[in-house]
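Structural overview for review
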Amino acid sequence: MEDWTNRITETDRKGLVERIPDSLDTNPEGCFRTKTLPDMWRMLHEQIMASGASSRTDVVEGIIDAMFRVLKARQVAWQTLIDEECAKYKAPGGDLLDGLQLLQDWLVAVANDQIACIDDNEETGQLGYLSRFKRDFETIVDPSYMASRAIPELDALRDGYVDLSTHCLTQFVELIFAVDFRTTIPDFFTQKWYGDFAVKRITSTFEDYMADYSPVLHPSLTDILVEELSDELLVKYLSSVRNKGVKFRHNTDLYTDKFKDDVLTVFAFFQNYPDSFAGTIKMKWRLVDWLVRLLESEKGPALVAVYENFKTEYWDLQLSWVEAVLRTRDDFERSMISAVKAKAAEL
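Presented here is an overview of the structure given in this document.

What follows is about helix α5 (residues 129-137). Among the residues of α5, those classed as buried are Y129, L130, S131, F133, D136 and F137. Contacts made by the buried residues of α5 are with β2 (32-34), α2 (37-52), α3 (57-90), α4 (100-118) and α6 (143-179).

What follows is the structure, encoded as structure tokens:
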């Protein structure tokens, strides 16, 4: 069985690493899928049926244990392979376009595969692969084995499929930023930023990706992909206070207007996904308002009060980031950081 699954894994590895055309499949709904997933689960089903004929629960349980090991190893192998391939595009000087789209197709296909493993539809009675796997063996093993061994393993596998699916989409989004926006992000908050429409270009790129990939992505993953796009953009945006040459000039730069324009542009895109926008995205982008408050506050007690309120609302606020923000002020003095650090020690 392990030899068989190793051959499947090697087929997938070759197709992905060598970007072999037509290595992927689509299901009846038009979603990308790997070609090997149905074969793997069919093989497991046949092995369970054959072992059940032995009428020995110890034999069956030993085989099921081996299957759990194989299934967990496959999750790990997928994550390792995906990370290795994505790293090639994130590295400085890497080839930024060769084979990228096929890699992105694979990421979507693997994400969809994980959902297929756990996609139980109560209304139609359709079971995902994992539930069918459980149904195959639960009547031919000892109940104590089922309760103490099988159920925890099945739960861990289910969690692993969710995590791997999300990981694929996280990597998908990180590739977009590493390749499409590699030269855009470093200009945020510099003088070039004021006359540029970088955020609009970014959300237009998001629109293109969603138009291309929504039809081939499992519907349950759309909101996850959208939230990953928002989270990554927000992190990159807030981290841009560390960009080279950033300096906010209180009396001459219209940075508050520019921040507002950027946030409204972001909202204009994400409002197309109302559940995600209302659920998490709109609230998270309030962080930009806190950034503006740190830039605008008068030195002394007013600034310390802003920090205290910020830290109260966001317990994981990093002092190093606050310091980086304060250093971009044209009226920066070391006493500002000393005062904030003193308050941080109290909190």
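Here the narrative resumes, following the displayed structure.
One pass over the full model with this rule turns up 25 salt bridges. The closest approach of N and O atoms between E313 and R286, which form a salt bridge, is 2.9 Å. Here R286 lies in the loop between α11 (274-284) and α12 (287-296) and E313 lies in helix α13 (residues 301-313), a separation of 27 residues in the sequence. The exposure class of E313 is partly exposed, given its relative accessible area of 38%. Note that K341 is salt-bridged to E323, the shortest N-O span being 4.0 Å. Here K341, found in helix α15 (residues 334-346), pairs with E323, found in helix α14 (residues 319-327); they are 18 residues apart in sequence, far enough to count as distant. Salt bridges sharing partners connect three or more residues here, namely D65, K72, R149 and E153.

Below, the discussion takes up the side chain of K258. Positionally, K258 belongs in helix α10 (residues 255-270). There is a polar contact of 3.4 Å between the side chain of K258 and the backbone oxygen of W193. One polar contact links the side chain of K258 to the main-chain carbonyl oxygen of D196, over a distance of 2.6 Å. Among all residues touching K258, those that are not within four sequence positions of it are W193, Y194 and D196.

So, on to unusual backbone geometry. Located in the positive-phi region is D22, a residue other than glycine, with phi close to 60°. Along the chain, the position of D22 falls in the loop between α1 (2-17) and β1 (24-26). At F189, a position not held by glycine, the phi torsion is positive, near 70°. Here F189 is to be found in the loop between α6 and α7 (191-194).

Cut-offs applied
- Residues numbered from 1 in each chain as written.
- Predicted model: local features only at pLDDT ≥ 70, side-chain atom pairs only at ≥ 80, totals over all residues.
- Heavy atoms only, no water.
- Buried < 20%, exposed > 50% of the residue type's maximum accessible area, 1.4 Å probe, protein only.
- Helix = DSSP H or I, 4+ residues; strand = E, 2+ residues; numbered from the N terminus.
- Contact = heavy atoms within 4.5 Å.
- Salt bridge = Lys/Arg side-chain N within 4 Å of Asp/Glu carboxyl O.
- Polar contact = N/O pair within 3.5 Å; in protein donor to acceptor, adjacent residues only side chain to side chain.

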